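# Tertiary structure, described
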Amino acid sequence: MPIRFRPATMNDLEDIVAVFLLCWRESYQGVLPQRLVDAMTDKEASDLWTRVLRESEPGDVIVAESAESAESSAATILGVARIAVGTGGQGSVHSLYVSPQTQGRGVGSQLLCTACDVLSASRVETAGLWVFQDNAPSIAFYRHHGWLPDGQTRVQEAFGEPEIRLGKTLRATAAKGATP
């Protein structure tokens, strides 16, 4: 399936929220406590992603999309990633969600690689991300791509569940400010 990666816009909000909620409600089912899954309402998700899209720098939210058919100009958002370039060669992958219907088909791997490429092009040398401690499928996915626990943990008040931090050294690229 051909996939295109591009910076997200406010026009993508509804599709991003739909992917996010599918992941939250399907992928997290049985992985996270039910109270946490249930707490993510449609309004919570919409408010969250509205804020993220408004506050992010252009290109910090990336969508993966695929044409529905060769004859159609409509596209379907398959996944979304949010990155941040910090200081001193540090960066972050704040979010990575792939529609459960397309998980296992390489969309997440390609989206993660694209996010890392954008970070690298912005002179980020090391990146980190947080994942729920009990989310074994996601931890395995990230470990497969070279992300390793760095010993840091946290519990965010909004979720009340332990998270672990994973880190990775990124390869440097010559271009600065490249976009997907």
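Cut-offs applied
Residues numbered from 1 in each chain as written. Predicted model: local features only at pLDDT ≥ 70, side-chain atom pairs only at ≥ 80, totals over all residues. Heavy atoms only, no water. Core = buried A, V, L, I, M, F, W, Y, C linked by side-chain atoms within 4.5 Å. Buried < 20%, exposed > 50% of the residue type's maximum accessible area, 1.4 Å probe, protein only. Helix = DSSP H or I, 4+ residues; strand = E, 2+ residues; numbered from the N terminus. Contact = heavy atoms within 4.5 Å. Pairing = 2+ DSSP bridges. Phe/Tyr/Trp six-rings, centres within 6.5 Å; stacked < 30°, edge-to-face > 60°. pLDDT = per-residue confidence, 0-100. Salt bridge = Lys/Arg side-chain N within 4 Å of Asp/Glu carboxyl O.

With 27 residues, the main nonpolar core has Leu111 and Trp147 as its most contacted residues. Contributions of two or more residues to this core are made by strand S2 (61-67), strand S3 (75-85), strand S4 (90-98), helix H4 (107-121), strand S5 (126-132), helix H5 (136-144) and strand S7 (162-169). Looking at this core, the element that brings in the most residues is H4, giving 7 residues. The residues contacting tryptophan 147, other than those within four sequence positions of it, are Val93, Leu112, Cys116, Ala127, Gly128, Leu129, Tyr142, Leu166, Gly167 and Lys168. Formed by 25 residues, the second largest nonpolar core is a distinct cluster that contains Ile16, Trp49, Val52 and Ile77.

The pairing of S5 with S7 spans 7 bridges and is classified as antiparallel. By the bridge assignment for S7, threonine 126 is matched with threonine 169. Here strand S6 (residues 148-155) folds back onto S7 in antiparallel fashion, the turn holding 6 residues, of which glycine 160 has a positive phi close to 70°.

Attention now moves to the packing of aromatic side chains. Inspection of every chain in the model, using the stated rule, returns 10 aromatic pairs. Ring centres of tryptophan 24 and tyrosine 28 lie 4.8 Å apart, and the angle between their planes is 65°; this geometry places the pair in the edge-to-face category. Taken individually, tryptophan 24 and tyrosine 28 each receive the classification buried, so the pair is uniform in this respect. Note on phenylalanine 132 and phenylalanine 159: the rings are 5.5 Å apart at their centroids and 85° apart in plane angle, and the pair reads as edge-to-face. Note that phenylalanine 132 is positioned in strand S5 and phenylalanine 159 in the loop between S6 and S7, a separation of 27 residues in sequence. Clustering of aromatic rings is evident, with ring pairs tying together Phe20, Trp24, Tyr28, Trp49, Tyr97, Phe132 and Phe159.

This part covers unusual backbone geometry. A positive phi angle, near 70°, is found at arginine 123, a position not held by glycine. Relative to the elements of secondary structure, arginine 123 occurs in the loop between H4 and S5. Classification of arginine 123 by relative accessible area gives partly exposed; the value is 44%.

Confidence in the prediction for the chain averages 89 pLDDT; 89% of positions are at 70 or higher. Contacts from residues 174-179, a stretch scored under 50 in pLDDT, to residues over four places away or in other chains number 12 contacts.

In the structure shown here, the tally under the stated rule is 8 salt bridges. Between aspartate 12 and arginine 6 there is a salt bridge, with the nearest N and O atoms lying 2.7 Å from each other. Taking the shortest distance from any N to any O, the salt bridge between aspartate 150 and arginine 165 comes out at 2.5 Å. Placement of the pair is aspartate 150 in strand S6 and arginine 165 in strand S7, with a sequence separation of 15 residues. By relative accessible area, which is 33% here, aspartate 150 ends up partly exposed. When salt bridges with common partners are traced through the structure, they connect Arg4, Arg6, Asp12 and Glu65 into a single cluster.

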